[in-house]
Amino acid sequence: MTAHAPSTPRETRRSGSDPLPTASVLIVDDEPGMRRYLEKALSSRFALIECAESVEQAEALRSRLHFDLILLDIRLPGRDGLDWDEALAPSSVSDVIFMTAYADLETAVRALRAGACDFIIKPFRLEQLQAALDRCLERRQLTRENFLLRRDNARHQQEEASLKGESPAMQELAHIIARVAPAPSPVLILGESGTGKELAARDLHRLSGRRGAFVPVNCGAISPELLESELFGHLKGAFTGAHRGRDGLFSFADGGTLFLDEIGEMPLAMQAKLLRVLETRRVRPVGGEQEQAVDVRIVAATHRTLETEVAAGRFREDLYYRLNVLSLTLPALRERPEDIPALAQHFSRQLSRELNLPAVPWQHSDLTRLCHYSWPGNVRELKNVIERALLLGRLPGDTLPIDSQAAQASGHPAWNDSGDATTSIEEEAANSGYPLEWSLDAVEKAHLCAVLERHANNKSAAARQLGISRKTLDRKLTTWRAEQQISEDSGAENGTESGTEIGTEIGTESGAESDQPAPATTSAAPYGADGSA
């Protein structure tokens, strides 16, 4: 029995085509020359290679070491390869490729029925062996990926599942993620519930270039008794109900990223075992003696303040410092209200397509309400509000929580999470430029008047800011002056003065026909709630 540790650096092996960078193989053959040949041929493909000359020696190795693949000769001294029940049992986590120089149809059928992954005939060429290995390892990788696809929510696999936001805070966060993503260092993501911590973790994985899968697990949603088995796997009979062995999520994430969400909820006993895995990069399944090497990038997230948890004795200090190599803090939605309109429109398009429902038309008042709501549930709550609006066929602003709507409708201040009073929608809209009782035409007049006043009646500059042509601006002013003249003439006939003077000053010839700045004038238009510009 010999052991072979390949001298090829792990970085070199990882750059190859092997989808399992830490794969291991056990070679069982009674011919020393064949064992040496296979050792040399496979040294660049596997991180661990062990050899045995009999089933008895191979079983001793298998009982203490994990092997992804077993190359097994059929005719061996003592027990026949086809009689190695332990390795061929359904509970075994190793794939088997049979080798034999005495091939016939009956032997091949027996091998396949025994659970063989493939069957090759001696003497074989190296290309034949490599092809069999590729088929076996690809099948193993596909099995893991299929399990993950069934386990994960299909919605999170879409390209749209990434952080979105144009605010300075989100732009800075996106820059940091892009910079640190290729590094294998652990990352700790902090933030309130619903801020998008899993999306940040997915962005880290997507930009990392890692070939393996992204595997999320919510540490608070799994009972402490099952969490160890879920992460590290288990052998058959390791506990009640373990009718067969199964790989853990660390194995499924080999070569990729494991996202430990709500790690602050992890029991202390599991924290100690996780710390050992982070230090040794090896996992041991429940009920097993052997350890398996894994190449996994850890990204953890929590809404708790871990420093407080450490001080209270609910989180291990050594694990905290092991995870906190780099921390990213996601801002709450109320801290970046400028992102709300774009997020709302994005969720509206996405959910309308997923639910096969017509999009709900947006109004200015809807966005105003959404921007002035405190969003205690953050982005997740915003998405739920948009989905509720689509399902009910109502305007998004009408589907906000009743307490918020009641406070806004009554004109009384609402209260945010910190206990500070917030003004109502009507007060905010009035203070920002105009009363809600105005018609759209009056709002347009007042806004144009204020823009002209800001640019000292320079119409070309005002038109550029408004996004219209100079000709359109002149036409609107001419129409409004004519309307005002009619109103003034009517008021004079009735012995009264006109109550509105919008455009009186801005329509003067000196300001209307010249692009040169004119002295600022004060319009009598009621642009603000109190009638001031």
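Residues numbered from 1 in each chain as written. Predicted model: local features only at pLDDT ≥ 70, side-chain atom pairs only at ≥ 80, totals over all residues. Heavy atoms only, no water.

### Focus: the sheet that holds strand S11 (residues 257–261)
So, point 1. On the basis of which strands lie adjacent, the open sheet formed by five strands has the order S8-S11-S14-S7-S15 and parallel pairing. One side of each edge strand has no neighbouring strand; the edge strands of this open sheet are strand S8 (214–218) and strand S15 (327–329). Adjacent strand axes in the sheet meet at a mean angle of 20° when their direction is disregarded. (Pairing = 2+ DSSP bridges. Helix = DSSP H or I, 4+ residues; strand = E, 2+ residues; numbered from the N terminus. Axes fitted to C-alpha atoms, helices over the stretch in contact; angles between N-to-C directions.)

### A word on the pairing of strand S4 (residues 69–73)
So, point 1. In terms of residue burial, S4 counts as a mostly covered element, since five of its five residues are buried.
So, point 2. Side chains Leu69, Leu71 and Asp73 project from S4 onto one buried face, and the interleaved Ile70 and Leu72 project onto a second face that is buried too.
So, point 3. As paired strands, strand S2 (residues 24–28) and S4 are joined by four bridges and run parallel to one another. Bridge pairing links Val28 to Leu72 in S4. (Buried < 20%, exposed > 50% of the residue type's maximum accessible area, 1.4 Å probe, protein only.)

### Re the pattern of salt bridges
One side chain can pair with another of opposite charge once the charged atoms of both are near each other.
So, point 1. One pass over the structure, following the stated rule, counts 26 salt bridges.
So, point 2. Notably, a salt bridge pairs Glu198 with Arg202, separated by 3.0 Å at the nearest N-O pair. Taken together, the positions of Glu198 and Arg202, both in helix H8 (residues 197–206) and four residues apart, correspond to about one turn of that helix.
So, point 3. For Glu265, the salt bridge is made with Arg304, and the minimal N-O distance between the two is 2.7 Å. (Salt bridge = Lys/Arg side-chain N within 4 Å of Asp/Glu carboxyl O.)

### Quick word on the packing of helix H9 (residues 224–232) against helix H11 (residues 268–280)
So, point 1. Look at H9 against H11: their axes get within 11 Å of each other, and the N-to-C directions meet at 15°. Between H9 and H11, the crossing angle belongs to the class labelled roughly parallel. In the packing of H9 onto H11, the handedness of the crossing is right-handed. Between H9 and H11, the contacting residues are Leu227, Glu228, Leu231 and Phe232 on the first element and Met270, Lys273 and Val277 on the second.
So, point 2. When its residues are assigned to classes, the contact of H9 with H11 shows five nonpolar, no polar and two charged. (Parallel < 35°, antiparallel > 145°, perpendicular 65-115°, else oblique. Left-handed = near helix turned anticlockwise from the far one by under 90°. Contact = heavy atoms within 4.5 Å. Nonpolar A, V, L, I, M, F, W, Y, C, P; charged D, E, K, R; others polar.)

### Here we look at unusual backbone geometry
So, point 1. Cis geometry marks the peptide bond from Lys122 to Pro123, where omega comes out at -10°.
So, point 2. Within the secondary structure, Pro123 sits in the loop between strand S6 (118–121) and helix H6 (126–151).
So, point 3. Even without glycine at this site, Arg281 takes up a positive phi of about 55°.
So, point 4. Tracing the backbone shows Arg281 in the loop between H11 and strand S12 (282–283).
So, point 5. We note that Asn378 has phi near 60°; this positive angle belongs to a residue other than glycine.
So, point 6. Relative to the elements of secondary structure, Asn378 occurs in helix H16 (residues 378–392).
So, point 7. Since its relative accessible area comes to 0%, Asn378 is described here as buried.

### Considerations on the nonpolar core
So, point 1. Counting residues in each nonpolar core, the largest one holds 35 residues, and the members touching the most others are Leu231, Phe250, Leu258 and Leu260.
So, point 2. Per-element tally for this core: the top contributor is H11, with five residues.
So, point 3. If near-sequence neighbours (up to four positions away) are discounted, Leu260 is found in contact with Val217, Cys219, Leu231, Leu274, Ile298, Val299, Ala300 and Ala301.
So, point 4. In this structure, Val28, Phe67, Ala108 and Ala116 belong to the second largest nonpolar core, which totals 22 residues. (Core = buried A, V, L, I, M, F, W, Y, C linked by side-chain atoms within 4.5 Å.)

### Section: the environment of Gly237
So, point 1. Along the polypeptide, Gly237 turns up in the loop between strand S9 (233–234) and strand S10 (246–247).
So, point 2. In this structure the C-alpha to C-alpha distance between Gly237 and Ser91, which are 146 residues apart in sequence, comes to 9.6 Å.

### Regarding the packing of aromatic side chains
So, point 1. What the rule picks out here adds up to four aromatic pairs.
So, point 2. Ring centres of Phe214 and Phe259 lie 6.1 Å apart, and the angle between their planes is 25°; this geometry places the pair in the stacked category. Placement of Phe214 in strand S8 and of Phe259 in strand S11 is noted, with a sequence separation of 45 residues between them. Each member of the pair, Phe214 as well as Phe259, is classed as buried. (Phe/Tyr/Trp six-rings, centres within 6.5 Å; stacked < 30°, edge-to-face > 60°.)

### Here's the deal with helix H14 (residues 340–355)
So, point 1. Its 16 residues give H14 an end-to-end C-alpha distance of 22 Å, which sits within 8% of 22 Å, the value for a rise of 1.5 Å per residue.
So, point 2. Every buried residue of H14 is listed here: Ile340, Leu343, Ala344, His346, Phe347, Ser348, Gln350, Leu351 and Ser352.
So, point 3. Looking at the buried positions of H14, the neighbouring elements they touch are helix H15 (364–371) and H16.
So, point 4. Directly after H14, the chain includes Asn356, whose backbone phi takes a positive value near 55°. (Expected span 1.5 Å × (residues − 1).)

### A few points about H16
So, point 1. Between the first and last C-alpha of H16 there are 21 Å, a value that for 15 residues agrees with the 21 Å anticipated at 1.5 Å per step.
So, point 2. Every buried residue belonging to H16 is among Asn378, Val379, Glu381, Leu382, Lys383, Val385, Ile386, Ala389 and Leu390, and all of these are buried.
So, point 3. Buried residues along H16 sit against H14 and H15.
So, point 4. Following H16 by one or two positions, Gly393 adopts a phi angle in the positive range, close to 70°.

### Topic: the pairing of S11
So, point 1. With five of five residues buried, S11 lies mostly within the body of the structure.
So, point 2. Residues of S11 alternate between two faces, with Thr257, Phe259 and Asp261 on one and Leu258 and Leu260 on the opposite face, all of them buried.
So, point 3. Of the pairings in the sheet, the one linking S8 to S11 comprises five bridges and is parallel in character. When the bridges of S11 are listed, Asn218 appears paired with Asp261.
So, point 4. Relative to strand S14 (residues 297–302), S11 is paired through four bridges, and the arrangement is parallel. Note that in S14 the partner of Leu258 across the bridge is Ile298.

### Some points on the confidence of the model for the protein chain
So, point 1. When pLDDT is averaged along the protein chain, the result is 78; 78% of the residues meet or exceed 70.
So, point 2. This model gives residues 1–17 a pLDDT under 50, and the stretch forms 28 contacts once residues within four places in sequence are excluded.
So, point 3. Every residue in residues 496–533 is under pLDDT 50, and counting partners more than four places away or in other chains gives 62 contacts. (pLDDT = per-residue confidence, 0-100.)

### Brief notes about the packing of helix H19 (residues 440–454) against helix H20 (residues 459–466)
Any two packed helices are characterised by how steeply their axes cross, that is the angle between the axes, and by the distance between the axes.
So, point 1. It is the contact of H19 with H20, at a shortest axis distance of 9 Å, that shows an interaxial angle of 125°. The orientation of H19 relative to H20 falls into the category oblique. Crossing angle aside, the handedness with which H19 passes H20 is right-handed. Between H19 and H20, the contacting residues are His447, Leu448, Val451, Leu452 and Arg454 on the first element and Lys459, Ala462, Gln465 and Leu466 on the second.

### Quick word on empty space enclosed by the protein
So, point 1. This model, assessed by the stated rule, comprises two cavities of 30 Å³ or more.
So, point 2. Considered as a void within the structure, the largest cavity measures approximately 80 Å³ in volume.
So, point 3. In this structure, the largest cavity is lined by 13 residues; those nearest its centre are His66, Arg246, Asp247, Pro285 and Gln292.
So, point 4. The set of elements that each furnish at least two residues to the lining of the largest cavity consists of S9 and S10.
So, point 5. For the lining of the largest cavity, the residue count by class is four nonpolar, seven polar and two charged. (1 Å grid on protein atoms, 1.4 Å probe; cavity = no way out; pocket = protein on both sides within 12 Å on 5 of 7 lines; lining within 4 Å. Points joined across faces, edges and corners; volume = space filled by probe spheres on them.)

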